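Listed below are the residues making up each chain.
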Amino acid sequence: MKNRKHQTQSRAKTQRSVFRPFKRRSKVGGLPGRVRNHSESEPTVLNILRFNETFFDERVDVGWHAMDGPPDGPDHVTWIDVIGLGGSKIIQKIGDRYAIHPLLLEDIVHTHQRPKIELIDGRLGVVLRMVQQSSPLVSEQVTFVLTGQTVISFQEREGDVFEVVRQRIRRKLGSIRSQGADYTMYSLIDALIDAFFPLLEDYGRRLEAIEEEHISGSDSESQHHLHVLRGDLSQVRKIAWSHREALHRIVSEASGTVHPTTMPFLRDCHDHTGQILDVAETYREIASDLRELYFSHLGQRTNEVMKLLTIISTIFMPLSFIAGVYGMNFNHETSPLNMPETQWRFGYPLALMMMAIIAGGMVFYFYRKGWLFQR
């Protein structure tokens, strides 16, 4: 009983995550540009990386005081990683320090936004969604703000896909330490987009497993898994579509903010979103085909059962007729025509022999027709 209740609650949560993936936090009709705390938001901490080819400084889990001092200079890149959106005062101070438009700040803390970009007062804001390797799918909003040689990332909670970028900065791998803040933002976007591919590979393996279960006939729970998987693929497709539109706008409209040498890399990210969209759509079609295959197998098994029951009923129909005739109990003493064979010595063996011959003949006939066994 407890397991059934747990499964029911789990399925209800799955349905909520599939049909309500984004939750609106801003009040209807509220004043625009306001930054407010939300009860579901985590406390805000800052991770700050400053670097160039010869200089590197990293400060982890610090407060607002770590940003005191003069503004970031043009001789190095500053990456401010804001984790948790519960500190509205800290986020407002960051907005004031870097002249981030109030409407963009509102989009940062209200995490129901559709992936998009905003170009306001020379600041480039990019709103995307980051997926976690989980089932059902969990995604969170990540916002990047590019201003000068500073890139600021805002995350809903701790845990991200940017560790590979941090390692490249720490170990001076590639050219990220010799590039500008726009290249750092590209690296973060690229890591966020690439996180979709392992997720899609896992979906592909799960679809293969479900297909094998359908073929083998051991698919008692596969339909629930397939339902969750189709919902996840629908979310991935929707997110990838929005990402492609946002990156297309960056490539076509952000030439004054992003250096021309970084544009080919962003176009490569745009191509990756197209690949994700194609794979997600393909897997979604496969999931639909598997669902139709399941119902086809279910209908086939039902037809087989109904055919067997029909054959059994057909065989017993004449037997029931014979048994019914000789069960009418007419009195032979009243009339010699009233079932005389019931008074015969071999009447009962004859009735059984007739039943056996009729049943055997019908079984042989059904077999020759191919209705009983597959030949």
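Fair warning: this is a prediction, and the values are worked out from it, not measured in the lab. (Residues numbered from 1 in each chain as written. Predicted model: local features only at pLDDT ≥ 70, side-chain atom pairs only at ≥ 80, totals over all residues. Heavy atoms only, no water.)

A. The overall build of the protein, seen in detail. Scanning the protein for helices and strands turns up nine helices and seven strands. Burial analysis of the protein (375 residues in total) assigns 41% to the buried set. For the protein, the accessible surface area stands at approximately 21,000 Å², while carbon and sulfur atoms represent 56% of it. (Helix = DSSP H or I, 4+ residues; strand = E, 2+ residues; numbered from the N terminus. Buried < 20%, exposed > 50% of the residue type's maximum accessible area, 1.4 Å probe, protein only. Areas by Shrake-Rupley, 256 points an atom, 1.4 Å probe, with all protein chains shown as cover.)

B. Just the confidence of the model for the protein, in detail. On average, residues of the protein score 81 in pLDDT, and 85% of them reach the 70 mark or higher. When pLDDT is averaged over each element of the protein, helix α5 (residues 181–194) comes out on top at 93 and helix α1 (residues 2–19) at the bottom at 43. Low confidence marks residues 1–22, where pLDDT is under 50. Its contacts with residues over four positions away, or in another chain, come to 16 contacts. (pLDDT = per-residue confidence, 0-100. Contact = heavy atoms within 4.5 Å.)

C. Structural detail: the sheet that holds strand β5 (residues 123–132). On the basis of which strands lie adjacent, the open sheet formed by seven strands has the order β2-β1-β3-β7-β6-β5-β4 and mixed pairing. Both edges of this open sheet fall to β2 (56–62) and β4 (116–120), since each of them pairs with a single strand only. Mean inter-strand twist for the sheet, computed between neighbouring axes without regard to direction, equals 15°. With five bridges connecting them, β4 and β5 associate as antiparallel partners. Within the sheet, the bridge partner assigned to Ile120 lies in β5 and is Arg123. Here helix α2 (residues 88–97) sits on the sheet in contact with β1 (45–51), β3 (77–83) and β7 (150–155), set at roughly 160° to β7. (Pairing = 2+ DSSP bridges. Axes fitted to C-alpha atoms, helices over the stretch in contact; angles between N-to-C directions.)

D. Structural view of the packing of aromatic side chains. Enumeration over the complete set of coordinates arrives at six aromatic pairs. Three or more aromatic residues joined by ring pairs make a cluster, and in this case those are Trp79, Phe144 and Phe162. The ring of Trp241 is capped by Arg244, whose NZ or CZ atom sits 4.8 Å from the centre of that ring. (Phe/Tyr/Trp six-rings, centres within 6.5 Å; stacked < 30°, edge-to-face > 60°. Lys NZ or Arg CZ within 6 Å of the ring centre and 35° of its normal.)

E. Inspection of helix α8 (residues 263–325) at higher detail. Its 63 residues give α8 an end-to-end C-alpha distance of 92 Å, which sits within 8% of 93 Å, the value for a rise of 1.5 Å per residue. By the largest-angle criterion, Met317 marks the main kink of α8, which is about 30°, and a proline, Pro318, follows within four residues. (Expected span 1.5 Å × (residues − 1). Bend = angle between axes of the 7 residues up to and from the residue.)

F. Structural context of a nonpolar patch on the surface. Taken together, the side chains of Val305, Met306, Leu308, Leu309, Ile312 and Phe316 present a nonpolar region at the surface, about 570 Å² in accessible area. Relative to the helices and strands, Val305 resides in helix α8. With a relative accessible area of 49%, Val305 lands in the partly exposed category. (Patch = residues over 30% accessible without salt bridge, like charges linked within 9 Å, V, L, I, M, F, W, Y side chains within 5 Å. Salt bridge = Lys/Arg side-chain N within 4 Å of Asp/Glu carboxyl O.)

G. Here's a closer look at the packing of α5 against α8. Where α5 meets α8, the axes come as close as 10 Å, and the angle between the chain directions of the two elements is 15°. One way to sum up the angle between α5 and α8 is to call them roughly parallel. Of the two possible hands of crossing, α5 and α8 adopt the one that is left-handed. Residues Tyr183, Tyr186, Ile189, Asp190, Ile193 and Asp194 of α5 form the contact with α8, whose own contacting residues are Phe265, Leu266, Cys269, His272, Thr273 and Ile276. When the residues that make up the contact of α5 with α8 are grouped by side-chain class, the tally is eight nonpolar, two polar and two charged. (Parallel < 35°, antiparallel > 145°, perpendicular 65-115°, else oblique. Left-handed = near helix turned anticlockwise from the far one by under 90°. Nonpolar A, V, L, I, M, F, W, Y, C, P; charged D, E, K, R; others polar.)

H. Region of interest: helix α3 (residues 102–109). For α3, the tally of buried residues reaches six of eight residues, placing the bulk of the element in the interior. Those residues of α3 that fall on the buried side of the exposure criterion are Leu104, Leu105, Glu106, Asp107, Ile108 and Val109. Where α3 is buried, its residues meet α2, β4, β5, β6 (138–147) and β7.

I. Expanded view of the pairing of β5. The buried count for β5 comes to eight of ten residues, which makes it a mostly enclosed element. Count of turn residues in the β4/β5 antiparallel hairpin: two residues, of which Asp121 carries a positive phi of about 55°. Bridging between β5 and β6 involves nine bridges; their strand directions are antiparallel. Following the sheet pairing, Gln132 is matched in β6 by Val138.

J. View of unusual backbone geometry. The phi dihedral of Asp121 falls on the positive side, at around 55°, and the residue is not glycine. Among the structural elements, Asp121 can be located in the loop between β4 and β5. The phi dihedral of Lys172 falls on the positive side, at around 60°, and the residue is not glycine. Relative to the assigned elements, Lys172 resides in the loop between α4 (163–171) and α5. With relative accessibility at 45%, the residue Lys172 sits in the partly exposed group.

K. How the structure looks around the environment of Gln235. Structurally, the position occupied by Gln235 is in helix α7 (residues 222–253). On the basis of relative accessibility, which here comes to 7%, the residue Gln235 falls in the buried class. Measuring from C-alpha to C-alpha, the distance between Gln235 and Leu137 comes to 7.9 Å, with 98 residues separating the pair along the chain.

L. The arrangement of the pattern of salt bridges in detail. Per the stated rule, a full pass over the model turns up 15 salt bridges. Taken together, the shared-partner salt bridges connect Glu58, Asp81, Asp160, Glu163, Arg166 and Arg170 into one network.

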